[in-house]
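Fold and geometry: a report
The residues making up each chain are set out below.
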Amino acid sequence: MSQRHLSILLGLAASVLLVSAHADDLDAATRAAARKVAIGTCENCHGPEGHSILPKYPVLAGQHANYLAAQMHAFKAQTRGDPDALGYMWGMAATLDDDLITGLADYYSRQKPEAGKLVGGPALAHGKDLYLNGDPANGIPACATCHGPGAEGSDAFPRLAGQHSQYLIKQLKSFQSNLRNVAVMHGVAQGMKSEEMEAVALYLQSLGPKA
Amino acid sequence: MAALAALLATPMAHAVPSFARQTGMTCEACHTVYPELNHFGRMFKANGYTLDNLKQVRGITAKKDEMLSLADLPPLSAMIQVSYTQLAKPLPDGTGAPGHSQSGTVDFPQQFSIFYAGKIAPHVGAFLQITYGNDSGTIGIDNTDIRYANNFIFENDKSLVYGLTINNNPTVQDLWNSTPAFGFPYAGTNAGVSPIAGTQIDGTLAQDVAGISAYAMWNEQLYAELGVYRSAKQGAVNPVSGAAGPLDGTTSNVLRSSAPYFRLAYEYNWGRNSLEVGTYGATFKLYPGGGTTTAPALLSGPFNEFRDVAEDFQYQFIADEHVFSLTGTRIHENMNLDASYAAGASANSRDTLTTTRVNANYYYQRKYGGTLAHFATTGSIDNVLYPAPVAPGVVTSANGSPETTGWVGELNYVPWLNMKLSLQYTHFGKFNGASTNYDGFNRNASANDTTYLLFWLVY
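Residues numbered from 1 in each chain as written. Chains lettered and ligands numbered in written order. Predicted model: local features only at pLDDT ≥ 70, side-chain atom pairs only at ≥ 80, totals over all residues. Heavy atoms only, no water.

**Considerations on the pairing of strand β14 (residues 322–337) of chain B**
All names here are of chain B. Using the following cut-off: Strands are labelled as partners when DSSP assigns at least two bridges between them. Comment: elements are numbered from the N terminus, with helices defined as DSSP H or I runs of at least four residues and strands as E runs of at least two.
Here strand β13 (residues 304–318) pairs with β14 via 15 bridges, running antiparallel. Counterpart to Y315 in the pairing with β14 is L326. A loop of three residues connects β13 with β14, the two strands running antiparallel in sequence. The sheet contact formed by β14 and strand β15 (residues 350–364) spans 15 bridges and is antiparallel. What sits directly across from R330, in β15, is T356.

**Points about the packing of aromatic side chains**
Residue and element names in this part refer to chain B. Filter applied, for reference: Pairing of aromatic side chains requires ring centres within 6.5 Å, counting the rings of Phe and Tyr and the six-membered ring of Trp. Pairs whose planes differ by under 30 degrees are stacked, by over 60 edge-to-face, and all others tilted. Each residue's exposure class comes from its accessible area (1.4 Å probe, protein chains only) as a fraction of the maximum for that residue type: buried when under 20%, exposed when over 50%, partly exposed otherwise. Sitting over a ring, as applied to charges here, requires NZ of Lys or CZ of Arg to be within 6 Å of the ring centre and within 35 degrees of the ring normal.
Taken as a whole and judged by the stated rule, the model has 23 aromatic pairs over all chains. Here the aromatic rings of F19 and F44 are separated by 5.1 Å at their centres, their planes lie at 75°, and the arrangement is edge-to-face. One end of the pair, F19, is in helix α1 (residues 17–23); the other, F44, is in helix α2 (residues 39–46), and 25 residues separate them in sequence. You can call F44 buried: its relative accessible area is 5%. Seen in terms of ring centroids, F184 and Y186 are 5.6 Å apart; in terms of plane orientation they differ by 85°. Their pairing is edge-to-face. Classification of F184 as buried rests on a relative accessible area of 6%. A residue is classified by how much of its surface remains accessible, and Y186, at 8% relative accessible area, is buried. Here the aromatic cluster, defined as three or more aromatic residues joined through ring pairs, consists of F19, F44, Y49, F115, F127 and F182. R21 extends its terminal NZ or CZ atom over the ring of Y459, reaching a point 4.8 Å from the ring centre.

**Points about the interface of chain A and chain B**
As a reminder of what qualifies: Here, two residues are considered to be in contact whenever any of their heavy atoms come within 4.5 Å of each other. A simple way to read buried area is as the amount of 1.4 Å-probe accessible surface that goes missing from two parts once joined, with both sides added. Take a side-chain nitrogen of Lys or Arg and a carboxyl oxygen of Asp or Glu: if they are within 4 Å of each other, that pair is a salt bridge. Whenever a nitrogen or oxygen atom comes within 3.5 Å of another N or O atom, the pair is scored as a polar contact, on the condition that within protein one atom can donate a hydrogen and the other can accept it, and that pairs from neighbouring residues in sequence are kept only if both atoms are in side chains.
Listed per partner, the contact involves 22 residues of chain A and 31 residues of chain B. Taking both partners together, chain A and chain B bury about 2200 Å²; carbon and sulfur atoms supply 48% of that area. Along the contact surface separating chain A from chain B lie four salt bridges. Between D320(B) and K170(A) there is a salt bridge; the shortest N-O distance is 2.5 Å. The tally of links from chain A across to chain B stands at 12 residue pairs in polar contact (both at pLDDT 80 or more).

**Focus on the pattern of salt bridges**
Taken as a whole and assessed by the stated rule, the structure comprises 23 salt bridges over all chains. D157(B) serves as the salt-bridge partner of R35(A), at 2.8 Å between the closest nitrogen and oxygen. With R35(A) in helix α2 (residues 28–46) and D157(B) in the loop between β6 (138–153) and β7 (159–167), the pair connects residues from two separate chains. For R35(A), a relative accessible area of 26% gives the class partly exposed. Between D338(B) and R350(B) there is a salt bridge, with the nearest N and O atoms lying 2.9 Å from each other.

**Examining helix α4 (residues 83–93) of chain A**
The buried fraction of α4(A) amounts to eight of the 11 residues, a majority that puts the element mostly inside the structure. Listing the buried residues of α4(A) in full gives D84(A), A85(A), G87(A), Y88(A), W90(A), G91(A), M92(A) and A93(A). Looking at the packing, one finds that the buried side of α4(A) touches α2, α3 (65–76) and α8 (165–177) of chain A together with α1 of chain B.

**As for the side chain of D145(B)**
Inspection of the secondary structure puts D145(B) in strand β6. Within the local environment of D145(B), its side chain forms a polar contact with the side chain of R147(B), the two groups lying 2.7 Å apart.

**A short note on the nonpolar core**
Inclusion rule: By nonpolar core is meant a set of buried Ala, Val, Leu, Ile, Met, Phe, Trp, Tyr and Cys residues that side-chain atoms within 4.5 Å join together.
The biggest cluster of nonpolar side chains holds 40 residues, and the ones touching the most others in it are F19(B), M25(B), F127(B) and W456(B). Sorting elements by how many residues they give to this core places strand β19 (residues 450–458) of chain B first, with four residues. Apart from the residues lying within four places of it in its own chain, the contact partners of M25(B) are G87(A), Y88(A), M92(A), A20(B), F40(B) and L51(B).

**A word on the pairing of strand β12 (residues 273–289) of chain B**
Residues and elements named next belong to chain B. Relative to β12, strand β10 (residues 252–255) runs antiparallel, the two being bridged by three bridges. Opposite L255, over in β12, you have L286 as the bridge partner. Pairing of strand β11 (residues 259–270) with β12, which is carried by 10 bridges, proceeds in the antiparallel orientation. Counterpart to F262 in the pairing with β12 is G281. Count of turn residues in the β11/β12 antiparallel hairpin: two residues, of which G271 carries a positive phi of about 50°. Relative to β13, β12 is paired through 14 bridges, and the arrangement is antiparallel.

**Observations regarding the domain arrangement of chain A**
Size of an interface: often given as the accessible area lost when the parts come together. Residues and elements named next belong to chain A. Let me state the cut-off plainly: Segmentation into domains, and thus their bounds, comes from an automatic or database assignment.
What the domain assignment lists for chain A is domain 1 (20–109) and domain 2 (123–206). Relative placement of domain 1 and domain 2: their C-alpha centres are 22 Å apart. Of the roughly 1500 Å² buried at the junction of domain 1 and domain 2 (both faces included), carbon and sulfur atoms supply 45%. Contact with domain 2 buries area across many residues of domain 1, yet P55, H64 and Y67 alone supply 31% of it, more than any other trio. Scanning the region where domain 1 abuts domain 2 turns up one salt bridge. Here K170 ties to D84 by a salt bridge, and the two come within 2.6 Å at their closest N and O atoms. Looking at the side of domain 1 that touches domain 2, the elements with two or more residues in it are α3 and α4.

**Digging into unusual backbone geometry**
All names here are of chain B. The omega torsion across F184 and P185 is 0°, close enough to zero to call that bond cis. Relative to the helices and strands, P185 is located in the loop between β7 and α3 (200–204). Cis geometry is found at the peptide bond from G245 to P246, where omega equals -5°. Here P246 is to be found in the loop between β9 (222–231) and β10. Phi is positive for T171, close to 90°, though the residue is something other than glycine. Its place among the elements puts T171 in the loop between β7 and α3. Taking the relative accessible area as the measure of exposure, T171 reaches 1% and is therefore buried. Unlike most non-glycine residues, R366 shows phi in positive territory, near 55°. The class for R366 is buried, based on a relative accessible area of 6%.

Below, the structure written as structure tokens:
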């Protein structure tokens, strides 16, 4: 990883921590309100307990609360500009207040992560290699450096294990085109070919919570 | 007492941008391509059109009960349809003169509508349409569905959405596009020839009745609804009082009492797929009415009873590039025509009628699409209910059969999500009982084939 990438990464981590959700401070009423919104509204797309059925919508179950809260703030501020964020979530997040954002992030982070779905055949091995080792010759760093060896993520970086491959591919392409403007991920994705995105996405989709 | 079919009736299915303004979401959040709903759109409707992401003017009590929640902007929309219809062979001149009417018709507009479509109060919303139609030349109430909805979350995190709807067209409140009010064709000509027979629930009573029903949807999968309808005539005047009611024998087709309506459906979603199977139906007891001072009629005594029971299904495959859906319904109607038979208006006291429709729709990038649809209506032969003409006429049946079958092919171009250009061709294999000489005056079914070009804007 270049020094530039490292500094961007540290900046990103700091910004995520700044919007860190304070789930411990949540009162029962906020938790109840978030649960009602999650099941009554978010579930229409993101599925029961965040286990999305339609691959257009990301799995939220088990995602880290900080990451979820940061995304909801980005939707509300209209700073995340990939097409589905713009078409769906800018509206949905427009009237969310800080407490509800924290409550929703907490609700989904407590759900059991998605089990892996094994599809993809030979591409899986290629995807695993790319994920764990990257392709230094072509400027692609190892994803595992930030997202963890099992793609379980951390407070600063999202869980990718078990995520729909279609969603992951769309995000990589949005990072590549800067429609979703995240400098470090633009750096990672800009050198990736479509088949490499597909391979790594299929590998990530295959990973369960204990991988 | 045959009702003119709704097969090619004036279109009724719409989707409106005020929902997009209210939710802040693009049309495809709720639709494959308007007006077909996806799962989120169905849930939005079941929840009473109340999902609102706009800044609100609010009023609350000291106990934080919400008393008012108004968006800054009222949820208003407008729609215009402009069309051109070409009949395969011109109709005879209505004056009886030895000539023909024009075979091409420009409709400008075919319809112009204003909608209030969106939230009214925290748990109340409406889809209310006022339409000017060039066929009536007047402005009138169109499809309307006003709802109360709420939800209950169980301990196991399953949800139950429940509510009430008051509406003016049986099935307009339904969530799937396999039922008549919002089924294919989503738009059709009003300048063609409609078949002689159609079931009551298939649009025949649209805007002629009003009903209330209670519904519940468990876990976004199992849907049940029960309701009743009563006559709600537009423009009817009681000749004694000069007021809009009560209805008497001068009004035609008046419901004898409350007509029960039911709906049961199950939806299963997996991956990009969604499958729904269901049943719906209603029983309508109608007095023929339509009396005059010289030919009085009573709203008592014998009545006609129409028992409609239908099955339906809808399959959808929804991806970013490709959208496909396959939809179908079969409506079976048992008619007890005691009133018509006694009055000599039907040859039989018991008739049946069955309508089947299946349509397959495909869109690429939600921009270029097409539909292929099959329709068929079959039923009892009744030479009085479906009469032969005494002079050249087209909505008649020489052999007393209501059988009408055919195909619809449609091509669509959607340059923007709120604008559609459609080219539709309807072919009749059989029309009112026969493929050739169906009227006894040498008009063939295919003479009623129509080419229909539509420009459809919603804003």
